[in-house]
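What follows is the residue order along each chain.
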Amino acid sequence: MDHRTFEQLAAGAVLDDLDQRERLAFETHRLSCPSCRSLVDDLLAVAADLALVSPPRQPPSGLRDAVMAAVVGSAVGAPGVAVAEADPSPDRRSPLVDIAGLRRETRRLRLLNAVSLAAAAVLAIAAFGLAVRTTDLSEELAASRQAASVAAERLEYQSAAMAVAVDPGHETCTLHSEPIAAGASAVCVYRPGSAESYLMASALPPTPDGMVYQLWYADETGVHALGTYAYDGHGAFVAPFTVDLAAAAAVMVTLEPEGGAVGEPGPEVVFGEL
């Protein structure tokens, strides 16, 4: 195998997607190849960063104690809300990716999302009772709702991408970062024959004001524009392609003005051949 082939096997090694012969060849090569060892470390960071989907927020000044006490009371007393217990038995099938840990983190994020929604409700009640701070509390309420919505969307993408990654029938593709995102790591996971396809990346720079990341794929008929996503730079960047990539030749992410491009793609951020 040449070095290019070993680079393509790196994503499969991280996702435990290699057969015995491929894994033995890759692990033997990795022992003597600093570049492939570094690539595996970067891809492991992508998997670990999938859990970091909910940015920290501070309660409004003057209401911290009251709001936090109410949120804790709501979380403890709410029916059907319980803290997820750690799975004592690790996933022995995946030595390179802690899938069990990601599942526990997913359950934890679902609880955090419920708590965020409870916080928004408490802030609404506080705004009603404290008329002197109506404007400030309304802004905090809107921010909490927006943050909860973003966290819920990221959680949905994370859960769906993880489900594809552990499916025995999935395919993977390693994307290479361009100078605009030097140091970023990215992989594409997809299930042939379905639209279940996701980009997972870490260390991408946040999108500037008025700009978005746009996903693309190329096949024999041309280059096709897909969805656009703003990114705040916190945690992993996970986004759906929403198309079957089985017949695609390449995928990429570009930086575009808000609304995205429909013709010629803008500056490439990451790119990979399938």
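Before any of the text, the structure's been laid out above.
The model shown is predicted, which means the values in this text are computed figures rather than measured ones.

Asks: What is the right way to look at the overall build of the protein in this model?
Replies: Tallying secondary structure elements over the protein gives six helices and eight strands in all. From first element to last, N terminus to C terminus, the protein shows the α and β order α-α-α-α-α-α-β-β-β-β-β-β-β-β. Classification of the 274 residues of the protein by burial places 42% in the buried group. Sequence-distant contacts, at least 24 apart, represent 65% of the contacts inside the protein between residues at least 6 apart. When the accessible surface of the protein is summed, it comes to about 14,100 Å², and 56% of that surface belongs to carbon and sulfur atoms.

Asks: What is the right way to look at unusual backbone geometry in this model?
Replies: Across the chain, the bulk of peptide bonds are trans and the bulk of non-glycine residues have phi less than zero. You will see that alanine 203, though not glycine, has its phi angle at about 65°, which is positive. Along the chain, alanine 203 falls in the loop between strand 3 (197-202) and strand 4 (211-219). Its identity as a non-glycine residue notwithstanding, threonine 242 has a phi of 65°, on the positive side. Mapped onto the fold, threonine 242 is located in the loop between strand 6 (237-240) and strand 7 (250-257).

Asks: Help me out: how do you make sense of helix 2 (residues 20-31) in this one?
Replies: For an α-helix the count is 3.6 residues per turn, leaving residues at separations of three or four pointing the same way. Under the 1.5 Å per step criterion, the end-to-end length of helix 2 is 17 Å for twelve residues, consistent within 8% with the ideal 16 Å. Looking only at helix 2, the buried set comprises Arg23, Phe26, His29 and Arg30. Projected onto a plane normal to the axis of helix 2, the buried residues spread over an arc of 135° and lie on a single side. Opposite the buried face of helix 2, at more than 90 degrees from it, the exposed residues are Gln20, Arg21, Leu24 and Leu31. The opening residue of helix 2, the one whose side-chain oxygen lies 3.2 Å from the backbone nitrogen of arginine 21, is aspartate 19.

Asks: What should I look at first to understand the nonpolar core in this one?
Replies: Here is a general trend for soluble globular proteins: nonpolar side chains tend to be buried in one another's company. In this structure, Phe26, Leu204, Phe237, Phe241 and Leu245 are the most contacted members of the largest nonpolar core, which totals 51 residues. The greatest single-element share of this core, amounting to six residues, is contributed by helix 1 (residues 3-14). For leucine 245, the residues in contact, after removing those within four places along its chain, are Cys188, Tyr190, Ser197, Tyr217, Val251 and Leu274.

Asks: Whenever I open this one, the packing of helix 1 against helix 2 confuses me. Can you help?
Replies: Geometrically, a packed helix pair is captured by the angle between its two axes and the distance between the axes. Where helix 1 meets helix 2, the axes come as close as 10 Å, and the angle between the chain directions of the two elements is 110°. Classified by the angle their axes make, helix 1 and helix 2 are roughly perpendicular. Between helix 1 and helix 2 lies a crossing whose hand is left-handed. Between helix 1 and helix 2, the residues in contact are His3, Phe6, Leu9, Ala10 and Ala13 and Glu22, Arg23, Ala25, Phe26 and His29, respectively. Residues that form the contact of helix 1 with helix 2 fall into these classes: six nonpolar, two polar and two charged.

Asks: Looking at this structure, I do not really get the pairing of strand 3. What am I missing?
Replies: Consecutive residues of a regular strand have side chains that alternate between opposite faces of the sheet. For strand 3, a buried count of six out of six residues is recorded, marking the element as mostly surrounded by other parts of the structure. Here strand 3 shows no split at all, with Ser197, Leu199 and Ala201 on one side and Tyr198, Met200 and Ser202 on the other all buried. Summarising the sheet, strand 2 (residues 185-190) and strand 3 pair through six bridges and their orientation is antiparallel. Bridged to alanine 186 within strand 3 is alanine 201. Note that strand 3 and strand 6 share four bridges and pair antiparallel. Following the sheet pairing, alanine 201 is matched in strand 6 by phenylalanine 237.

Asks: What exactly am I supposed to notice about the side chain of serine 197 here?
Replies: Secondary-structure assignment places serine 197 in strand 3. Serine 197 has contacts with Val189, Tyr190, Ala239, Pro240, Phe241, Thr242, Val243 and Leu245, leaving out every residue within four places of it along the chain.

Each value, and the rule that gives it
Residues numbered from 1 in each chain as written. Predicted model: local features only at pLDDT ≥ 70, side-chain atom pairs only at ≥ 80, totals over all residues. Heavy atoms only, no water. Helix = DSSP H or I, 4+ residues; strand = E, 2+ residues; numbered from the N terminus. Buried < 20%, exposed > 50% of the residue type's maximum accessible area, 1.4 Å probe, protein only. Contact = heavy atoms within 4.5 Å. Areas by Shrake-Rupley, 256 points an atom, 1.4 Å probe, with all protein chains shown as cover. Expected span 1.5 Å × (residues − 1). Arc of directions from axis to C-beta. Polar contact = N/O pair within 3.5 Å; in protein donor to acceptor, adjacent residues only side chain to side chain. Core = buried A, V, L, I, M, F, W, Y, C linked by side-chain atoms within 4.5 Å. Axes fitted to C-alpha atoms, helices over the stretch in contact; angles between N-to-C directions. Parallel < 35°, antiparallel > 145°, perpendicular 65-115°, else oblique. Left-handed = near helix turned anticlockwise from the far one by under 90°. Nonpolar A, V, L, I, M, F, W, Y, C, P; charged D, E, K, R; others polar. Pairing = 2+ DSSP bridges.

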